[in-house]
Amino acid sequence: MNLLRLFILCLICVSVAQPAPSQVTVVPSKKKVVVDGKSFYLHTVQQGETLYSIGKAYNVLQKDIVFNNPDAFEGIKIGQELKIPVKAEEAPAGNRLQSAQFIYHITEKGQTAYWLTQQYNISRDELVKYNPELEHSPLQAGQVVTIPKKNSGAAQQSKPKIGYATHTVKRKETLFSIAKSYHVDLNEVLEVNPEIDANDPRLKIGQQIKIPLSDAVPISLPVETSKTDTVIIRQDLQTPVNGSVQDSDVPVAIDDASDCVETSQNEFCIALMLPLFLADNSPASAPDSSMVKDSEGRFRYRDGRYWIHPRSVNALEFCEGALLALDTLKKQGLNARVYIFDTMRDTVKMAQLLESPVMTDMDLIIGPFGTDLVNRTRSFAGENRIYYVSPTAISATSLKNNPYLIQVNAGEINVVNPMVDYLSKQKSIHVILIGNGSEADQTLFNAYQNKLETVFADSSLTVHRMRLDSLQQPGHYLKKKRMNVVIIPSADEAFVNRVTGQLHTSSHSFQINLYGLAGWTKFVNLDPEYLHTLEFRYATAFYIDYSKPEVQKFLQQFRKIYATEPTMLTGYGGISSYSYQFAFLGYDITCYFGAAMRKYGKGFGRCMPVFRLPMLQSDFHFEKVDPFSGYKNTHLDIYKYGKDYTITKEILE
């Protein structure tokens, strides 16, 4: 069966056009109910009304209506009753709904758990007892909080305040760590700093925040705080105004935090933006001399394989892996609406997709492929504070001043420094760097040469640039009494095949270790015998151990669902030079970021340096290039081909 067509039948179709304005005026309902502690309007669908027009009338997102009315995803019907979540700004201050035993308080922006304890004369422990989600998560605007009625009443007097401390935020400090260092409740800090969004309490370096002090609670200032960044002032004095150390045009640094707090938020929107090239898979694009039609009029190759456009294969397999991951995450409790977009690897198409109203609802964007489209996404993601993951290698400069970009594969250029550092720990070696002088390999070759020249003396380093038609014999550059480490940073299969053949012949007379690229393992004509004899090594973040039970389970699921194998094959039977398999990549990326989002909420990015999850093809260790950059995966391992025909992993520090 044609996998792509089967996939299209299952695909969630998302229109990128602006919704047409409704001709029917939607009259909002005034009838309210409380369900599971949440407040809703009850709206009865009238003729001509749509999800878009209803959402606009109530000033709520379409996704919020669908989340609370799952049947609406298939479409709404006349007479259907919808639960519309009450927005905080629609209710007057202190808006409450009551039952026999409880008051349900609908919070507004700026209100905190501490404020509620004072307003309703209730202890924090009792508040958490009836609202356990408040134990680890800040209060959100529009949240319905359950207050036991027997304890409600006039607010008790606040603890007498003697003033507050003004703390200037330093690098890597978070609101939680600052409150902890002053021995003050986090909610009290939020209450006296209404400009800080409790749902997204990120701080800027140099930002000044107030720390409440009271007579009832002794305060001990942090030891590391100096007089220059903390000022104690009286309550009746005006707060001094100091400018931020950052210009307004400079991107805000997102600090790594080891004190991440788990969240109970469990409703998310995820966009998969992939170059599926669906239009290229029409019957008009398919025919050629190697194809025939089956009884149903579908094109297939003469060997029985159904036709898929070569440009679609990688993204299709990535999507198949991602869908399997989403199934796993759903069983683990992730509640997400997933949108799949065909970017067609086109910047104009990408711009149109980003203008779609639904995109601002996204909590995570996976994709797009390619530096050009990643840079196109940059402004949109920054303005809407949406993390976006680049599945494929992009330029290192894309991370600069791009704090919401996450780079899973840093590319071969990321391997240079760790690999040379690894070699520097070996004794009595002679390093030979060989390149073919082509423009495609020039950047990587120069990076190796520059790094090697800073580590190895002239006598232990030889550099050669040779064309395929003028290769030198290895005896001209190898040394008899030393281990010859030959590095070939080239993706030219013909060149690599020729040089490794010569080295294999010379290995009878010289000691040789070969270092190259991970993509070599996908070369069709490179003899594995050469690689094992020369103890070939390469560094990569991606490797699949097919003996692992979890890998075998993934393969069983993939075969069952898609009736095929996850491969590197293109539509024409060629093999890609990528060092990873896209089906596994789609699974790993979706599992990792879905699990991180489920655990830490929409602001999961700052927690990535401390979040670990077992992967099928790669471990993810995310770090920042600088305080204002995005995150890149720094995990690398070295794999060695042994003369005993084994492949073993050597940990690369």
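The residue numbers shown here count from 1 along each chain, following its written sequence. This being a predicted model, a pLDDT of at least 70 is required before a residue's local features are given, and a value of 80 or more before pairs of side-chain atoms are given or counted; all residues contribute to the totals for chains, interfaces and linings. To get the side-chain values, all heavy atoms of the structure are used, and hydrogens and water are removed first.

Chemist: Help me understand the overall build of the protein, please; the structure alone is not making it clear to me.
Modeler: Secondary structure is summarised from DSSP: a helix means a run of H or I of at least four residues, a strand means a run of E of at least two, and numbering begins at the N terminus for each. Per the secondary structure count, the protein includes 16 helices and 25 strands. Whether two residues are in contact is decided by their heavy atoms, any of which lying within 4.5 Å being enough. Once local pairs closer than 6 in sequence are excluded, the contacts in the protein between residues at least 24 apart make up 70%. Method for areas: the Shrake-Rupley scheme with a 1.4 Å probe, in which residue coverage is limited to the protein chains shown. Of the roughly 31,200 Å² of accessible surface on the protein, a fraction of 50% belongs to carbon and sulfur atoms.

Chemist: Mind showing me how you'd approach unusual backbone geometry here?
Modeler: Most peptide bonds take the trans configuration, and most residues that are not glycine carry a negative phi. Of note, the amide linkage connecting G367 to P368 takes the cis form, showing an omega dihedral of 0 degrees. Summarising the element assignment, P368 is placed in the loop between β14 (364–366) and α10 (371–384). Its identity as a non-glycine residue notwithstanding, R385 has a phi of 55 degrees, on the positive side. On the secondary structure map, R385 appears in the loop between α10 and β15 (387–390). Using a 1.4 Å probe on the protein chains alone, a residue whose accessible area is under 20% of its type maximum counts as buried, one over 50% counts as exposed, and one in between counts as partly exposed. With a relative accessible area of 40%, R385 lands in the partly exposed category. Within the chain, N401 stands out as a residue other than glycine whose phi angle is a positive 50 degrees. Taking the relative accessible area as the measure of exposure, N401 reaches 37% and is therefore partly exposed.

Chemist: Which parts of the structure should I look at to understand the pattern of salt bridges?
Modeler: When a carboxyl oxygen of Asp or Glu is within 4 Å of a side-chain nitrogen of Lys or Arg, the pair counts as a salt bridge. All told, the structure shown has 8 salt bridges when counted by the stated rule. One salt bridge in this structure joins R311 and D280, with 2.4 Å as the shortest N-O distance. With R311 in helix α8 (residues 310–331) and D280 in the loop between β10 (267–274) and β11 (291–293), this pair connects stretches of sequence that are 31 residues apart. In this structure, E565 engages R559 in a salt bridge whose closest nitrogen and oxygen atoms are separated by 2.6 Å. Owing to a relative accessible area of 36%, E565 belongs among the partly exposed residues under this scheme. With relative accessibility at 38%, the residue R559 sits in the partly exposed group.

Chemist: Would you explain the sheet that holds β10 in this entry?
Modeler: Note on sheets: strands pair through backbone hydrogen bonds, and any given pair is parallel or antiparallel. The rule for pairing is simple: two strands pair if DSSP sees at least two bridges between them. As summarised here, the arrangement of the 7 strands in space is β13-β10-β14-β15-β16-β23-β22, forming an open sheet in which the pairing is mixed. Each end of this open sheet is capped by a strand with a single partner; those strands are β13 (335–342) and β22 (622–624). Across the sheet, the mean angle separating the axes of adjacent strands is 25 degrees when strand polarity is ignored. The sheet contact formed by β15 and strand β16 (residues 405–407) spans 3 bridges and is parallel. Looking at the pairing, V389 lines up with I406 of β16. Whenever a helix is involved, its axis is fitted only over the stretch in contact; in every case the axis is a line through C-alpha atoms, and angles between N-to-C directions fall within 0 to 180 degrees.

Chemist: Looking at this structure, I do not really get helix α11 (residues 416–424). What am I missing?
Modeler: Note that an α-helix has 3.6 residues per turn; residues three or four places apart therefore point the same way. Every buried residue of α11 is listed here: V416, M419, V420, Y422 and L423. Projected down its long axis, α11 shows its buried positions confined to an angular sector of 155 degrees, all on one face. By definition, the arc is the one covered by directions from the helix axis to the C-beta atoms.

Chemist: Just checking my understanding: could you explain the environment of L471 for this structure?
Modeler: With respect to the helices, strands and loops of the structure, L471 is situated in the loop between β18 (461–465) and β19 (483–487). When its relative accessible area of 14% is taken as the criterion, L471 is described as buried. With 35 residues separating them along the chain, L471 and N436 place their C-alpha atoms 9.0 Å apart. If we ignore the near neighbours within four places in the chain, the residues touching L471 are M466, F495, R498, V499 and Q502.

Chemist: Honestly, the packing of aromatic side chains in this entry has me stumped. Any pointers?
Modeler: Ring pairs (aromatic) are described by centroid distance and by the angle formed between their planes. For Phe, Tyr and Trp, rings pair up if their centres lie within 6.5 Å, where Trp contributes its six-membered ring, and each pair is then called stacked (planes under 30 degrees apart), edge-to-face (over 60) or tilted (otherwise). Summed over all chains, the structure comprises 24 aromatic pairs. Considering the side-chain rings of Y387 and F604, the 5.0 Å spacing of their centres and the 50 degrees angle between planes classify their relative orientation as tilted. On the criterion of sequence distance, the pair formed by Y387 in strand β15 and F604 in the loop between α16 (582–600) and β22 is long-range, its members being 217 residues apart. The exposure class assigned to Y387 is buried, which follows from its relative accessible area of 0%. Among the aromatic side chains, those forming a connected cluster through ring pairs are Y387, Y404, Y592, F593, Y600, F604, F611, F620 and F622. Whether a charge sits over a ring comes down to the Lys NZ or Arg CZ being within 6 Å of the ring centre and within 35 degrees of the ring normal. Between the NZ or CZ atom of R311 and the centre of the ring of F277, over which it lies, the distance is 4.0 Å. In this arrangement the basic side chain of K480 is found over the ring face of F510, its NZ or CZ atom lying 4.6 Å from the centre.

Chemist: When you look at the pairing of β15 in this model, what are you seeing that I'm missing?
Modeler: Sheet faces and side chains relate simply in a regular strand, where the side chains alternate between the two faces. Here β15 shows no split at all, with Y387 and V389 on one side and Y388 and S390 on the other all buried. Sheet topology note: the β14/β15 ladder contains 3 bridges and is parallel. By the bridge assignment for β15, L364 is matched with Y387. In this fold, the crossover linking β14 to β15 by way of α10 has right-handed handedness. The crossover handedness rule: strands pointing away from the viewer, path from first strand over the helix to second strand clockwise, crossover right-handed.

Chemist: How do you make sense of the packing of α8 against α16 when you look at a structure like this?
Modeler: When two helices pack together, their arrangement is given by the angle between the helix axes and the distance between those axes. It is the contact of α8 with α16, at a shortest axis distance of 6 Å, that shows an interaxial angle of 40 degrees. Here α8 is positioned oblique relative to α16, judged by the angle of their axes. As for the relative orientation of α8 and α16, their crossing is right-handed in sense. Taking contact as the criterion, the partners of N314, E317, F318, G321, A322, L324, A325, L326, T328 and L329 in α8 are, on α16, F582, A583, L585, G586, Y587, I589, T590, C591, G594 and A595. In this classification, Asp, Glu, Lys and Arg are treated as charged, Ala, Val, Leu, Ile, Met, Phe, Trp, Tyr, Cys and Pro as nonpolar, and every other residue, Gly included, as polar. Of the residues in the contact of α8 with α16, the class split is 13 nonpolar, 6 polar and 1 charged. For this classification, under 35 degrees means roughly parallel, over 145 means roughly antiparallel, 65 to 115 means roughly perpendicular, and everything else is oblique. Note: crossing handedness is left-handed where the near helix turns anticlockwise from the far helix by less than a right angle, and right-handed where it turns clockwise.

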